[in-house]
Amino acid sequence: GLVSFMALPFTVLMPIFADRIFGGGASAYGTLMGAVGVGAMFGALAIAMRQQLRGLGKVVAYCAMGLGVSLILFSASRWYWASWMILVLTGFTMMMQFTATNTLIQAMVPDQLRGRVMSLYAMMFLGMMPIGSLFAGAIAEHVGAPITVAMGGAASVVGGAIFYRKWPALRAGARELV
């Protein structure tokens, strides 16, 4: 939920980067968003090639932190092609984090609770992003898009670090449910 609320709204601020920061307009916007898609495709392939659940909790934590770091780097970059490469990493870590989270939930939740838990996950993943986008737009109006994206990235790093610390207890509790 934190990543969806704080980090993913970078996409609604992308037109500002494309136009005002890189001076490229619609074609720059399309290319930058395409970079996110390229990274997401590689992230999906990487997670699909995994053959076991072991280590997925760390993938969630590391990728949330990696997403945050990539957003901070992107917010500071003023070089178009460097930003493009950073956005490939952004898409990769974003896809890895959300897919690993989904996989863990599906594997850890007992059958009788799976529908309810997945509805909560869907609300956190899909429902928090539009609210976060509204919040990010309001903040960007006052402090600018780069600082807003960096703040979202920092929140993602903090969220990933908290998850990393709490993961062993979460994993143990989930094993008791099954």
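Source: prediction; values computed, not measured.

Conventions we followed
- Think of each chain on its own: its residues are numbered from 1, step by step along the sequence as written.
- It should be noted that, the model being predicted, local features are given only for residues of pLDDT at least 70 and side-chain atom pairs only at 80 or more, the latter also being counted only at that level, while totals for whole chains, interfaces and linings use all residues.
- Only hydrogens and water are set aside when side-chain values are computed; all heavy atoms of the structure are taken into account.
- Here a salt bridge means any side-chain nitrogen of Lys or Arg lying within 4 Å of a carboxyl oxygen belonging to Asp or Glu.
- We call a residue buried when its accessible area falls under 20% of the maximum for its residue type, exposed when it is over 50%, and partly exposed in between, using a 1.4 Å probe and counting protein chains only.
- Ring pairs are drawn from Phe, Tyr and Trp, using the six-membered ring of Trp, whenever the two centres fall within 6.5 Å, and their geometry is named by plane angle: stacked under 30 degrees, edge-to-face over 60, tilted for the rest.
- Under the scheme used here, helices are H or I runs from DSSP no shorter than 4 residues and strands are E runs no shorter than 2 residues, and both carry numbers assigned from the N terminus.
- Here the expected length of a helix is defined as 1.5 Å per residue gap, with one fewer gap than residues.
- The term bend refers to the angle at a residue between two fitted axes, each drawn through seven residues, those ending there and those starting there.
- Each nonpolar core is a collection of buried residues, namely Ala, Val, Leu, Ile, Met, Phe, Trp, Tyr and Cys, held together in the definition by side-chain atoms within 4.5 Å.
- The contact criterion used throughout is that any non-hydrogen atoms of two residues lie within 4.5 Å.
- The patches described consist of residues with a relative accessible area above 30% and no salt bridge, like charges being joined within 9 Å and nonpolar side chains (Val, Leu, Ile, Met, Phe, Trp, Tyr) within 5 Å.
- Only the protein chains shown count as cover for residues, and all accessible areas are computed by the Shrake-Rupley method using a 1.4 Å probe.

(A) Broad picture of the pattern of salt bridges. With the rule as written, the count across this model stands at one salt bridge. Here Arg114 ties to Asp111 by a salt bridge, and the two come within 2.7 Å at their closest N and O atoms. Since its relative accessible area comes to 61%, Asp111 is described here as exposed.

(B) Representation of the packing of aromatic side chains within the structure. Per the counting criterion, the structure on display carries 10 aromatic pairs. Ring centres of Phe22 and Phe74 lie 6.5 Å apart, and the angle between their planes is 50°; on these two criteria the pair is classed as tilted. Here the residue Phe22 occupies a position in the loop between α2 (10-21) and α3 (25-48), and Phe74 occupies one in helix α4 (residues 56-76), the gap between them amounting to 52 residues. Like Phe22, the residue Phe74 is buried in the burial classification. Pairing Trp81 with Trp84 gives two aromatic rings, centres 6.1 Å apart and planes at 55°, and the pair type is tilted. A residue pair is termed a helical-turn pair when its members lie 3 or 4 positions apart in one helix, as Trp81 and Trp84 do in helix α5 (residues 80-108) at three residues. Each member of the aromatic cluster is reached from another via a ring pair, and the members are Phe17, Phe22, Phe74, Tyr80, Trp81 and Trp84.

(C) Local environment of helix α6 (residues 114-143). An ideal rise of 1.5 Å per residue puts 44 Å on 30 residues; α6 measures up with 41 Å between its terminal C-alpha atoms. At Met128, α6 shows its maximal kink, close to 35°; a proline, Pro130, follows between one and four residues later. Immediately beyond the C-terminal end of α6, within one or two residues, lies Gly144, with a positive phi of roughly 95°.

(D) Main features of the nonpolar core. Within the largest apolar cluster, 32 residues are counted, with the highest numbers of intra-cluster contacts made by Phe10, Phe17, Phe74 and Leu87. Broken down by secondary-structure element, the contributors of at least two residues to this core are α1 (2-7), α2, α3, α4, α5, α6 and α7 (145-177). Per-element accounting of this core gives the leading share, eight residues, to α5. With residues up to four places along the chain from it excluded, the contact list for Phe10 reads Val36, Leu71, Leu87, Thr90, Met94 and Val149. Core analysis: the second largest hydrophobic core is formed by 10 residues, Val59, Cys63, Met96 and Ala100 among them.

(E) Fine view of a nonpolar patch on the surface. Together, Met41, Phe42 and Leu45 make up a nonpolar patch on the protein surface, roughly 300 Å² of accessible area in all. Of note, Leu45 is situated in helix α3.

Keep in mind these values describe shape, not function.
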